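Breakdown of the fold
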Amino acid sequence: MPSRRRSPIGLVALALASLFVPAAATAGPAQFVIVNINAPGIGFNDPTPAAPVGGNTGTTLGEQRLIAFTHAASIWSARLDSAVPIRIRAQFTSLAAGVLGSAGPIQVFRDFPNAPLTGTWYHVALANKLAGEDLSPLADDINANFSTNFNFYLGLDGNHGALNDLVTVLLHEFAHGLGFSQTASLATGALLGGFPDHYNTKLLDTALGLHWPQLTDAQRVESATRFGRVVFDGIGVTAAVPAVLSLGSPTVEVNSPAAIAGGYQFGTAAFGPRIGNPSVTANIVAAADAADVAGPSTTDGCSALTNAAAIAGQIALVERGTCGFAVKARNASQAGAAAVIIYNNVANAGAAPPGMADDGVNGAFVTAPTVSLRRADALAIVGLLAGGVNADIGVDLSLRAGADALNRARVYAPFPVVGGSSISHYDTVASRNLLMEPAINPDLTHNVKAPFDLTWELLHDVGWTFPDADGDTFPDDEDCNPASNVQPTIVLNGRNTGVPNRGLGAGCTMTDTLLAAKAAASNHGGFVSAVAHITNEWKTAGLITAQQRAAIQVTAAKWQ
Amino acid sequence: MSRQRVLATLAAIAVAIAALAGPAGAAPKKFKATRAFVVDKETGALRLPTPAEVDAVVTTLTSLGQQPAETLTSTTTATGAVGMDLGGGFAGVLLARPSEDGTWETRCVFTVEEGADFLGLVEDVQ
């Protein structure tokens, strides 16, 4: 990631200058310890030779796995502050088919010294950070198991192609272990041991206007399936939403007939135009194609559509199965469909609407916005097609994609709940895609904070703080000087000007600016000239008086 | 790893195994597969998982997902802090299944039911 530090010289006009009052110095970047529990020859210790890939310089499969783990941990380390090392007990091992890996906290703690909320569980790594001590020194903090049977991309550069990027997967799963998950039972609604946790205390059911700890067990079970109506209302996430999520929340609504009118839960596609570009209001028409080798049914859309005249300008309804999503959408596009709905087939009858990946070939030919629907919803539509079904596939421009009207981030609350991954993830309708959605989307970067993502902001809301070596409230990784001069007055070469040393709004102080000018100047005359320029700007901006300007310039002139 | 950490690890595994066994007398749910998500090592082709492979998936999801609170133990430290060992569970479990076009669809789940649904496992009532 390119450095985002800014030159202190460029900050002189900032009107945000304030008297600098440093906060207590923080503990510094959290130290992550990867505890390799693999036996010799296995997992992290696999000696199979491997060619370096994507910045991963390991020469064996085991080394590359460990380097990827360490890299993911270092990304979190740079953004989280703790005096207590975070121990991840990790292994690569043969897991069951279909299981890529897992990570989670080993313990939770409540009512520890310095706990922000009493009677509230915290994941152990977070509890340790808040307590300032290791509450369970004999145990590790996060348990991580990943599969040796799956072909991950082990590079560090994110150029994973069609493979799953291990670093992204690790960033996601580590976040669960660090505190991005809740502990109430989704089956019974019961709070863990009768106590809420740091995460679900900030879950708000907007239909009821209540936070999760205020709900009864039965209400929590119901809330977990209230699609679009459960939000995380931490102030950091809410403040960052406008910088991350785009305006225009996608919607799929049936306008008529009245019996099935209303909004529908849907999935989005990684190909074709974005929903709302353009918004479509049209009739839904069942796509028909030949039952052939490409697809055995006349509803699967795997071949060229045979009812193109009826489809043109309308919303094509296609059944999932046999061929890829992008193939179906391409065939519907070629028939002139204005939009495409792909609904779950029998094999996925109870599942939530899927997110639809591109196959790298057909997506480029899709010209119609494409969404997916639950099978039950689609069959209700199919049953009334003879009388005409009119629908909108568009966006609500008053909302950001993945947030509510107050910019509170939606958490994933699909119906039915077994559709997957409820509550401990962001909603899949978020745009841009977020690290902590239930699926690992291929367009994710390794950035975990705004304007790229909202994961770090959530962890901050539940109690994590950022490394801030100089205590100026600017995180080190975006502080224009993480080791600012924080003396109360401007002192140059041991001479005190008596002028208050103000902060300039991006993590730099006036003294930082003057010292940077000294370092940049090729000779004394250049330095004096730069100081004159800087202090004139400060005076113009009202940050210092004429007398203070003179004091700084005179002091600078004596620094030879 | 220190001997103490080994003991702590073994204790966690023991709790997980106890949780896997479920409440006394309760028969664990049996599942069967409805979709192919296993890449056959011999042929490289997708196939339905065998009953043993289905059982392995369910066992994994059961041990890693949410645990019944009554199977978990808590302890109180000298400072009054209360800790609860999660028994190896409460993890996010990342699953993958093949899409029709050969790409892999992933999903992070927290419960057996979520995972079974994603992988197309249905309860075997016979």
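Residues numbered from 1 in each chain as written. Chains lettered and ligands numbered in written order. Predicted model: local features only at pLDDT ≥ 70, side-chain atom pairs only at ≥ 80, totals over all residues.

1. Regarding the overall build of chain B
- Check the secondary structure of chain B and you find three helices and eight strands.
- Residue burial in chain B is summarised as follows: out of 126 residues, 43% are buried.
- The contacts in chain B between residues at least 6 apart in sequence include a share of 53% that link residues at least 24 apart. (Helix = DSSP H or I, 4+ residues; strand = E, 2+ residues; numbered from the N terminus. Buried ≥ 20, exposed ≤ 12 C-beta atoms within 10 Å, placed from the backbone. Contact = placed C-beta atoms within 7 Å.)

2. As for the overall build of chain A
- The helix and strand inventory of chain A stands at twelve helices and 24 strands.
- Put simply, of all contacts in chain A between residues at least 6 apart along the chain, 68% involve residues at least 24 apart.

3. A word on the sheet that holds strand β6 (residues 92–98) of chain B
- Here six strands make up an open sheet; going across it, the order is β2(A)-β3(A)-β7(A)-β4(A)-β6(B)-β7(B) and the pairing mixed. Two strands in the sheet have a free side with no partner beyond their single neighbour: β2 (32–36) of chain A together with β7 (104–109) of chain B. Strand after strand, the sheet turns through a mean of 20° between neighbouring axes, direction not considered.
- Across six bridges, strand β3 (residues 86–93) of chain A lies against strand β7 (residues 142–147) of chain A in parallel orientation. Residue pairing across strands places A:Phe92 opposite A:Phe146, the latter belonging to β7(A). (Pairing = 2+ DSSP bridges. Axes fitted to C-alpha atoms, helices over the stretch in contact; angles between N-to-C directions.)

4. Observations concerning unusual backbone geometry
- Residue A:Pro257 follows A:Ser256 across a cis peptide bond; omega there is 5°.
- With an omega of 10°, the peptide bond between A:Ala450 and A:Pro451 qualifies as cis.
- Relative to the elements of secondary structure, A:Pro451 occurs in the loop between β21 (409–410) and α9 (455–461).
- Backbone geometry at A:Asp111 places phi at a positive 55°, although glycine is not the residue there.
- Looking at the secondary structure, you find A:Asp111 in the loop between β5 (107–110) and β6 (122–123).
- With phi around 65°, B:Phe90 is a residue other than glycine that occupies positive phi space.
- Looking at where B:Phe90 falls in the secondary structure, it is placed in the loop between β5 (82–85) and β6.

5. Digging into the interface of chain B and chain A
- Across the contact, 55 residues belong to chain B and 62 residues belong to chain A.
- For the side of chain B that touches chain A, the secondary-structure elements that each account for two or more residues are α1 (3–21), α2 (51–64), β5, β6, β7 and α3 (112–119) of chain B.
- Of the residues assigned to the side of chain B that touches chain A, the class counts are 26 nonpolar, 17 polar and twelve charged.
- In this structure, strand β4 (residues 99–105) of chain A lies alongside β6(B), joined through four bridges in antiparallel fashion. If you follow A:Val99 over to β6(B), its bridge partner there is B:Leu95. (Nonpolar A, V, L, I, M, F, W, Y, C, P; charged D, E, K, R; others polar.)

6. Focus on the domain arrangement of chain A
- One can read the domain layout of chain A as domain 1 (8–20 + 478–557), domain 2 (32–179), domain 3 (195–246 + 401–453) and domain 4 (249–397).
- Domain 1 of chain A and domain 2 of chain A are separated by 43 Å when their C-alpha centres are compared. (Domains from an automatic or database assignment.)

7. Overview of the sheet that holds β21(A)
Residue and element names in this part refer to chain A.
- Read from one edge of the open sheet, four strands run β11-β10-β12-β21, paired in antiparallel fashion. Strand pairing shows two members of the sheet lacking a second neighbour, β11 (210–211) and β21, which therefore form its edges.
- Where strand β10 (residues 203–205) and strand β12 (residues 230–232) come together, three bridges link them in antiparallel fashion. Bridging across to β12, Leu204 finds its partner in Val231.

8. Comments concerning the pairing of strand β20 (residues 390–400) of chain A
Residues and elements named next belong to chain A.
- Judged from the eight bridges that link them, strand β13 (residues 247–256) and β20 form a sheet pairing that is antiparallel. Bridge pairing in β20 links Val254 to Ala391.
- Of the strand pairs in this sheet, strand β16 (residues 280–286) and β20 are connected by four bridges, and their pairing is antiparallel. When the bridges of β20 are listed, Val280 appears paired with Ile393.

9. Details of the pairing of β5(B)
- Pairing of β5(A) with β5(B) involves four bridges; the strand directions are antiparallel. By the bridge assignment for β5(B), A:Arg110 is matched with B:Val82.
- When strand β4 (residues 73–76) of chain B meets β5(B), the two strands line up antiparallel, connected through four bridges. Within β5(B), the residue paired with B:Thr76 across the bridge is B:Val82.

10. Some details on the environment of A:Val486
- Structurally, A:Val486 is set in the loop between α9 and β22 (489–492).
- Along the sequence, A:Val486 and A:Met510 sit 24 residues apart, while their C-alpha atoms lie 9.3 Å from each other.

11. Quick look at the environment of A:Asn151
All names here are of chain A.
- Checked against the element boundaries, Asn151 lands in the loop between β7 and β8 (152–153).
- Looking at Asn151, the number of C-beta atoms within 10 Å reads 11, which means it is exposed.
- Here the alpha-carbon distance between Asn151 and Leu163, two residues twelve residues apart in the chain, equals 7.2 Å.

12. Quick look at the environment of A:Arg320
Residues and elements named next belong to chain A.
- Its location among the elements puts Arg320 in the loop between β17 (315–319) and α7 (325–334).
- C-beta crowding within 10 Å serves as the criterion here: with 27 such atoms nearby, Arg320 is assigned to the buried category.
- When neighbours within four sequence positions are excluded, Arg320 is seen to be in contact with Ile342, Tyr343, Asn344, Asn345 and Asn348.

13. Focus on helix α10 (residues 510–520) of chain A
- Among the residues of α10(A), A:Met510, A:Thr511, A:Asp512, A:Thr513, A:Leu514 and A:Ala517 are the ones counted as buried.
- Looking at the buried residues of α10(A), the elements they touch are β22, β24 (502–503) and α11 (524–540) of chain A.

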